[in-house]
Amino acid sequence: MRLFLALMPPPRLRERLGELADAAHAQCGGRRMPDETLHVTLAFLGEVTEKQATELVDGVQGLAVEPDEWHLDRWGHFRQPGIVWVGGPSPALAALHARLWSTLEAQGLGSRPARFIPHVTLLRRADSLDLAPCPARS
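K.L.:
How do you make sense of the nonpolar core when you look at a structure like this?
P.N.:
One broad rule of soluble globular proteins: the nonpolar side chains tend to lie buried together. Judged by nonpolar contacts, the single largest core of 17 residues is most densely connected at Leu17, Trp75, Val84, Val86, Val120, Leu122 and Leu123. When residues in this core are grouped by element, the largest group, 5 residues, is from helix H1 (residues 11–28). Filtering out sequence-adjacent residues up to four positions away, leucine 122 remains in contact with Leu17, Leu20, Ala21, Ala24, Arg31, Arg32, Met33, Leu38, Trp75, Val84, Trp85 and Val86. Counting 14 residues, the second largest nonpolar core, distinct from the first, contains Leu3, Ala43, Leu45 and Leu109.

Written as structure tokens, this is what we have:
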């Protein structure tokens with residue numbers, strides 16, 4: 001099974017993120033992500049066995065997100081494969097990401113990516129990556 005670990009925002013925040021996805025889609029085209037799928041990916045693991053998934057659940061159950069404010073105040077993109085996102089720095093998410101990957105590596109589940117950019121993917125396969133200032137800033 002393909003597996004990734006993510007944080008799912010509450011419904012009201014996903015609605016607001018959906019509004020940002022609409023704004024990004026109006027500027028860039030592409031495939032807009034449905035509101036109910038908007039999330040913050042902490043780790044993409046790809047294919048894992050059922051046994052690995054069960055061990056993973058046991059290993060990450062105690063991890064918690066420290067209280068923090070996260071300002072989603074900038075657009076960004078990953079040129080390949082045309083992903084447009086909204087995000088911004090978050091010390092709490094960066095710390096959670098580091099703790100999570102320490103657990104994953106100890107279980108032999110992949111290796112930590114070179115960098116972590118806290119973000120929510122709004123569009124895939126965008127026709128353009130040129131964005132006006134992020135409306136979340138106002």
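K.L.:
Looking at this structure, how should I read the packing of aromatic side chains?
P.N.:
Remark: the centre distance and the inter-plane angle together describe each pair of aromatic rings, the angle taken between the planes. All told, the structure shown has 1 aromatic pair when counted by the stated rule. A centroid spacing of 5.9 Å and a plane angle of 40° characterise the contact between phenylalanine 78 and tryptophan 85, whose relative ring orientation is tilted. In this structure phenylalanine 78 comes out as partly exposed when scored by relative accessible area, which is 23%.

K.L.:
Before we go on, may I ask you to explain the pattern of salt bridges in this structure?
P.N.:
Side chains that differ in sign of charge can pair as their charged atoms come close. Counted according to the given criterion, the structure contains 6 salt bridges. Arginine 32 is paired through a salt bridge with aspartate 22; the nearest N and O atoms lie 2.6 Å apart. Of this pair, arginine 32 sits in strand S2 (residues 31–32) while aspartate 22 sits in helix H1; the two residues are 10 residues apart in sequence, bridging distant segments of the chain. Residue class for arginine 32 comes out partly exposed when judged on its relative accessible area of 24%. On the basis of relative accessible area, aspartate 22 is assigned to the partly exposed category, the value being 44%.

K.L.:
What should I look at first to understand unusual backbone geometry in this one?
P.N.:
Apart from glycine, the bulk of residues carry a negative phi angle, and the bulk of peptide bonds sit in the trans form. Of note, the bond from glutamine 80 into proline 81 is cis; its omega dihedral lies within 30 degrees of zero at 20°. By the element assignment, proline 81 lies in the loop between strand S4 (74–78) and strand S5 (83–87). Despite not being glycine, arginine 125 has its phi angle at roughly 50°, a positive value. As for its placement among the helices and strands, arginine 125 is situated in the segment after strand S6 (119–124). On the basis of relative accessible area, arginine 125 is assigned to the exposed category, the value being 58%.

K.L.:
Hey, could you run me through the layout of surface pockets in this one?
P.N.:
It is a probe the size of a water molecule, rolled over the atoms, that shows where empty space is left. Of the volumes computed, that of the largest pocket is approximately 590 Å³. Forming the walls of the largest pocket are 21 residues, and the residues nearest its centre are Thr41, Phe44, Phe78, His119 and Thr121. Looking at the lining of the largest pocket, the elements with two or more residues in it are strand S3 (40–47), helix H3 (91–106) and S6. The residue inventory of the lining of the largest pocket, partitioned by class, reads 13 nonpolar, 6 polar and 2 charged. As a volume, the second largest pocket reaches approximately 290 Å³. Lining the second largest pocket are 17 residues; nearest its centre among them are Leu7, Leu13, Val40, Trp70 and Leu93. Secondary-structure elements contributing two or more residues to the lining of the second largest pocket are H1 and H3. Within the lining of the second largest pocket, the residues separate by chemical class into 13 nonpolar, 1 polar and 3 charged.

K.L.:
How should I be thinking about the side chain of arginine 14 in this particular structure?
P.N.:
Tracing the sequence through the fold places arginine 14 in helix H1. The buried charged residue arginine 14 lacks any salt bridge partner; its closest oppositely charged side chain belongs to glutamate 36, at an N-O distance of 6.7 Å. Non-local contacts of arginine 14, meaning those with residues more than four positions away in its chain, are made with Met8, Pro9, Asp35, Glu36 and Leu38.

So, how was this worked out
- Residues numbered from 1 in each chain as written.
- Predicted model: local features only at pLDDT ≥ 70, side-chain atom pairs only at ≥ 80, totals over all residues.
- Heavy atoms only, no water.
- Core = buried A, V, L, I, M, F, W, Y, C linked by side-chain atoms within 4.5 Å.
- Buried < 20%, exposed > 50% of the residue type's maximum accessible area, 1.4 Å probe, protein only.
- Helix = DSSP H or I, 4+ residues; strand = E, 2+ residues; numbered from the N terminus.
- Contact = heavy atoms within 4.5 Å.
- Phe/Tyr/Trp six-rings, centres within 6.5 Å; stacked < 30°, edge-to-face > 60°.
- Salt bridge = Lys/Arg side-chain N within 4 Å of Asp/Glu carboxyl O.
- 1 Å grid on protein atoms, 1.4 Å probe; cavity = no way out; pocket = protein on both sides within 12 Å on 5 of 7 lines; lining within 4 Å.
- Points joined across faces, edges and corners; volume = space filled by probe spheres on them.
- Nonpolar A, V, L, I, M, F, W, Y, C, P; charged D, E, K, R; others polar.
- Lys, Arg positive; Asp, Glu negative; His and termini not counted.

The analysis is restricted to geometry; functional conclusions fall outside its scope.
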